[in-house]
Amino acid sequence: MPEKNKLKEKLFSKKTNAVLDMSAEELKKCDDFCENYKTFLDIAKTEREAVDYTVELLQKNGFKEFKIGMKPSAGDKIYRINRGKAVIAAIIGSEPIEKGVRLCAAHIDSPRLDLKQFPLYESSEIALFKTHYYGGIKKYQWTAIPLSLHGVIIKADGSSVKVNIGEDESDPVFCVTDLLPHLATEQMKRNLAQGIKGEELNILVGSRPFKDNEESEAVKLNILNILNEKYGIVEDDFISAELEAVPAFKAKDIGFDRSMIGSYGHDDRVCAYTALAATVDCNAPLHTVVTVLTDKEETGSDGNTGLCSAYLKYFIADLAAEYGIAGHTVLSASECLSADVNAAFDPTFPDVNEKNNCSYINHGVCVTKYTGARGKSGTSDASAEFVGKVRRLLDKENVIWQTGELGKVDMGGGGTVAAYIANLDVDTIDVGVPVLSMHAPYEVVSKIDVYMAYRAFYAFMHD
Ligand code: MN
Ligand code: MN
């Protein structure tokens, strides 16, 4: 090798497409891991369903509900549910709790259409649901695709009904209609953000009138009658309901090579699932491992199930109190992987990224030192020391990883829960999977990157 090439070999970054360095056996591990991930994507489409899935899996693996005074000892596995919409799992380490915990935080809510409190109406003999979209969406993407309906209704007597309709092959589905191009001359003059407006995201739910009704609103009456027979509800019960319309399609392999997965809600169930899988596989950790799967990230993390609330801090405080330690002492010694997706470079839209500092699919799990927009505003910006520590760990464990920012400077940007955890005096860094078409009803990830996220969380928990 010429001297110049030797020097290049020594000095240049070797971060590249992971496939080139992987054996057939390693690739198969990625593909196999993703089969279970696809199942999770199809059963747990909302935060409540993700919590149900998680708790069932935790219980099967020996996790017990945390109770004050249970004084868990090394190796014990516990969990706490927050209002059915967020969950914390922990495995007690062999080191004392004041040495800090290894925290992984991912979110289980995804962009969607929420029903309003009086959703059902009839117009021109068609029954529809009014919605208020949840999270950052491009509204035009949510028309003319099959939607399913998930959630819970609390009836007047306090009893609750779970709703999940549109997922079973025999179920009906729903949709938001759009204008035919032939008559869209005026609509086409709107800009992309206004192409479909918020109040135009109305979901089609029926069209046949109730036969014996001479009065108006016979189609609405017929739908309410069906809902009454099926769920025992009346119109006012919608007031105390949380019903979420999400894409009805299933997770599928993408590409002739089946290298990717297309699905609703990779953001952020891809990090939730991989962090959960690592937690369940975690064995005799040195530091106590805490994994939080949270709600409300897509609307800014406020509210009592989001990470701006105190529920995580309270859990740590309660756990610390079991050993007579203050919660803040534990937090100050803790480290966190804020597990959320990143924007993968898309060759169709190359201009939004700076090519040396963005994430690519198949280049492994992405470590992001800082997020934020407009001069790093709202970011936690992990210290060089902590980035160095994570870098050494991932390299030592042969995890394939890359680094990347979300977009060019001043192109837009965004952040996630990292800042809220860092604000608790925890060393925090963003780690996650690159996604194509993020926040679209159908997002895409690479199977290699999914598996490397799992490997990264697993390594961190055992560090
Ligand atoms: Mn996210
Ligand atoms: Mn998001």
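Residues numbered from 1 in each chain as written. Chains lettered and ligands numbered in written order. Predicted model: local features only at pLDDT ≥ 70, side-chain atom pairs only at ≥ 80, totals over all residues. Heavy atoms only, no water.

Peer 1: Mind showing me how you'd approach the coordination of the manganese ion (ligand 2) here?
Peer 2: In the first shell of the manganese ion (ligand 2), the protein supplies Asp267 (OD), Glu298 (OE), Glu298 (OE) and His439 (NE2), at 2.0 to 2.6 Å from the metal. Donor residues for the manganese ion (ligand 2) sit on one chain with the sequence pattern D-x30-E-x140-H. The metal-metal distance between the manganese ion (ligand 2) and the manganese ion (ligand 1) is 3.3 Å, with Asp267 serving as a donor to both. Remark: His439 occurs in the loop between β20 (434-435) and β21 (443-446) and Asp267 occurs in helix α5 (residues 266-281); sequence separation between them is 172 residues. For His439, a relative accessible area of 18% translates into the label buried. (Donors = N, O, S within 2.8 Å, 3.2 Å for Na, K, Ca; no water. Helix = DSSP H or I, 4+ residues; strand = E, 2+ residues; numbered from the N terminus. Buried < 20%, exposed > 50% of the residue type's maximum accessible area, 1.4 Å probe, protein only.)

Peer 1: Is there a simple way to think about the pattern of salt bridges in this case?
Peer 2: A side chain with one charge can pair with a side chain of the opposite charge if their charged atoms come near. Applying the stated criterion across every chain, the model contains 27 salt bridges. A salt bridge links Lys162 to Asp52, with the shortest nitrogen-to-oxygen separation between them at 2.9 Å. Placement of Lys162 in strand β8 (residues 160-165) and of Asp52 in helix α3 (residues 47-60) is noted, with a sequence separation of 110 residues between them. You can call Asp52 partly exposed: its relative accessible area is 38%. The partner of Asp114 in a salt bridge is Arg112, and the shortest N-O contact between them spans 2.6 Å. The exposure classification of Asp114 matches that of Arg112, with both residues buried. Linked by salt bridges that have partners in common, Glu35, Lys38, Asp253, Arg258 and Lys447 make up one network. (Salt bridge = Lys/Arg side-chain N within 4 Å of Asp/Glu carboxyl O.)

Peer 1: Teacher, can you tell me more about the side chain of His150 here?
Peer 2: Mapped onto the fold, His150 is located in strand β7 (residues 147-154). Overall, the relative accessible area of 1% leaves His150 in the buried class. At 2.9 Å, the side chain of His150 and the side chain of Glu167 are in polar contact. Residues in contact with His150, not counting those within four places in the same chain, are Lys45, Thr46, Glu49, Val163, Asn164, Glu167, Glu242, Leu243, Glu244 and Val246. (Polar contact = N/O pair within 3.5 Å; in protein donor to acceptor, adjacent residues only side chain to side chain. Contact = heavy atoms within 4.5 Å.)

Peer 1: So what exactly am I meant to see when it comes to the environment of Lys355 here?
Peer 2: Its place among the elements puts Lys355 in the loop between β16 (342-343) and β17 (365-368). Here the alpha-carbon distance between Lys355 and Leu293, two residues 62 residues apart in the chain, equals 32 Å. Ignoring sequence-local partners within four residues, the contact set of Lys355 consists of Phe345 and Tyr360.

Peer 1: What should I look at first to understand helix α8 (residues 384-396) in this one?
Peer 2: When the terminal C-alpha atoms of α8 are compared, their 18 Å separation across 13 residues agrees well with the 18 Å that a helix rising 1.5 Å per residue should span. Those residues of α8 that fall on the buried side of the exposure criterion are Phe386, Gly388, Val390, Leu393 and Leu394. Along its buried surface, α8 packs onto β15 (335-339), β17, β18 (401-403), β19 (427-432) and α10 (447-461). Asn398 lies just past α8 and shows a positive phi near 55°. (Expected span 1.5 Å × (residues − 1).)

Peer 1: It is not clear to me how the sheet that holds strand β14 (residues 288-294) should be interpreted in this structure. Could you clarify?
Peer 2: Two orientations exist for strands paired in a sheet by backbone hydrogen bonds: parallel and antiparallel. Spatial ordering of the open sheet is given by β1-β2-β3-β14-β4-β15-β19-β17-β18, a layout of 9 strands whose pairing is mixed. Two strands in the sheet have a free side with no partner beyond their single neighbour: β1 (64-65) and β18. Taken together, the 7 bridges between strand β4 (residues 101-107) and β14 define a ladder with parallel strand orientation. Counterpart to His107 in the pairing with β14 is Thr294. Lying over the sheet, α8 contacts β4, β15, β17, β18 and β19, oriented at roughly 45° with respect to β19. (Pairing = 2+ DSSP bridges. Axes fitted to C-alpha atoms, helices over the stretch in contact; angles between N-to-C directions.)

Peer 1: Explanation requested: the coordination of the manganese ion (ligand 1) in the structure shown.
Peer 2: Angles between donor atoms at a metal ideally measure 109.5 degrees for a four-coordinate tetrahedral arrangement and either 90 or 180 degrees for a six-coordinate octahedral one. The protein atoms that coordinate the manganese ion (ligand 1) are His107 (NE2), Asp267 (OD), Asp340 (OD) and Asp340 (OD), at distances spanning 2.1 to 2.4 Å. Taken in sequence order, the residues that donate to the manganese ion (ligand 1) follow the motif H-x159-D-x72-D.

Peer 1: Help me understand the pairing of β15, please; the structure alone is not making it clear to me.
Peer 2: Strand residues, when the strand is regular, have side chains that alternate between the two faces of the sheet. Counting buried positions along β15 yields 5 of 5 residues, so the element is predominantly enclosed. Both faces of β15 are covered, namely the face carrying Glu335, Leu337 and Ala339 and the face carrying Cys336 and Ser338. Here β4 pairs with β15 via 4 bridges, running parallel. Counterpart to Ala105 in the pairing with β15 is Ser338.

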